[in-house]
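# Observations on the model geometry
What follows is the residue order along each chain.
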Amino acid sequence: MSLSGFPALVPHGGNLADAVHRYGIARERWLDLSTGINPRGYPVPPIDGDAWLRLPDDDDGLEAIASHHYGSPRALAVAGTQAAIRMLPQVLRSGCIGIGLLTYGEYAPAFEAAGFSVERFVTEPLADKRDAAGFILAPGAALPAHLRHLVVVNPNNPGAESFDIQTILDWHRQVASRGGYLIVDEAFADALPHISVATKADLEGLIVLRSVGKFYGLAGARAGFVLADHATDRMMRGLRGPWSVSGPARSVVRAALLDEAWQRETRARLSEAGARLVGLLECHGWRAAHTPLFAWVRDEDAKRWHEYLAREAIWVRRFEAVPGLRFGLPADEPAWTRLDAALGRMFGLRREATR
């Protein structure tokens, strides 16, 4: 069977089994910082045993709870935003779509496999990579005239750039005026709600994707939401089909979205942890960008330092399009101490390499 037309497999963080196999270090010895997932996620409540025995109830109120939580007119529950990404090429008219050179890796393969023309862009912090991309995406600037659609991950993963609401709405106005869509991936926006355009999701030509895997730490639930206008919601609902999110996952996500006290406490804690992480990296000689859930360092020797940390049984995510490393949050004080010590040893090697 030919795989022609299917999106290519994309590497992701969380692939600790690969590290165990490659380096021959037992799983329990690893400090896994390879994702941007909250390491102290939502405490999963007891799940009714019947949730495992019945088909999921798509009318259990979860989507209404999500709609209220995000301030959106409607919400479509999907099996993680990854499922939504695979549906999007069937919703949008074919044409040229702008996707970041350094961003979440699933978008470009999905649209390329569907026959879209993909044009990569860089943001202003990566302007020196202009030759590797078609254009610079900058606030207030006109989008290329031939561009029909645009994907913006806000805040960006892994580069950590973020854009305010007015900037996002200006890009939406530009693509909507040419019959296109702006897709805003807000997988990490729960920790930064002031940048979200979820409340604007009824605008024609705007699709907002939200995840419960990052801020809530519920990556294993494989649940997310599409926020869009009525016509787009109807199309994606038809593509999604029934029972896309399991009954147990629906139960846990419903509880998490309703727990406003936990959300407030977690935002404050993640803000402190994110600042601590970037401070630690900069103390050891790196300039870092960050969100509350991860930090990003750009380094032409990223491959070397990724290898060094792996030998120390510390697993971080390496990127190649723009060489750099992404660090997730340590889960506890022993993990913070271990990372600090490894970075201290590595900093000595980096300093010697520049002499």
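Structural data are supplied above this passage.
The paragraphs below set out a description of the structure included in this document. This one's a predicted model, so the numbers in the text were calculated from it and none came from an experiment.

### Thoughts on the sheet that holds strand β13 (residues 317-319)
A sheet is described by the order of its strands in space; here four strands give the open sequence β10-β11-β14-β13, paired in antiparallel fashion. Looking at the sheet topology across the chains shown, the edges are occupied by β10 (288-291) and β13. Taken pair by pair, the neighbouring strands of this sheet meet at an average axis angle of 20 degrees, ignoring direction. Where helix α8 (residues 260-283) meets the sheet, its contacts fall on β10, β11 (294-298) and β14 (324-328), and the angle it forms with β10 comes to roughly 170 degrees.

### Focus: the packing of aromatic side chains
Overall, the coordinates contain 15 aromatic pairs when judged by the stated rule. Measuring from centroid to centroid gives 5.8 Å for W30 and W315, while their planes differ by 80 degrees, and the two rings are edge-to-face. Here W315 lies in strand β12 (residues 314-315) and W30 lies in the loop between α1 (16-23) and β1 (31-32), a separation of 285 residues in the sequence. Across the pair, W315 and W30 agree in class, each one buried. Note that R276 overlies the ring of W336, its terminal NZ or CZ placed 4.2 Å from the centroid. Looking at R317, its charged tip hangs above the ring of F319, at a distance of 4.2 Å from the centre.

### Side note on the pattern of salt bridges
This model, assessed by the stated rule, comprises 18 salt bridges. With its nearest N and O atoms 3.1 Å apart, the salt bridge here joins R240 to E63. Taken together, the residues span a long stretch of sequence, with R240 in helix α6 (residues 230-240) and E63 in helix α2 (residues 62-70) at a distance of 177 residues. With respect to burial, R240 and E63 carry one shared label: buried.

Calculation notes
- Residues numbered from 1 in each chain as written.
- Predicted model: local features only at pLDDT ≥ 70, side-chain atom pairs only at ≥ 80, totals over all residues.
- Heavy atoms only, no water.
- Pairing = 2+ DSSP bridges.
- Helix = DSSP H or I, 4+ residues; strand = E, 2+ residues; numbered from the N terminus.
- Axes fitted to C-alpha atoms, helices over the stretch in contact; angles between N-to-C directions.
- Contact = heavy atoms within 4.5 Å.
- Phe/Tyr/Trp six-rings, centres within 6.5 Å; stacked < 30°, edge-to-face > 60°.
- Buried < 20%, exposed > 50% of the residue type's maximum accessible area, 1.4 Å probe, protein only.
- Lys NZ or Arg CZ within 6 Å of the ring centre and 35° of its normal.
- Salt bridge = Lys/Arg side-chain N within 4 Å of Asp/Glu carboxyl O.

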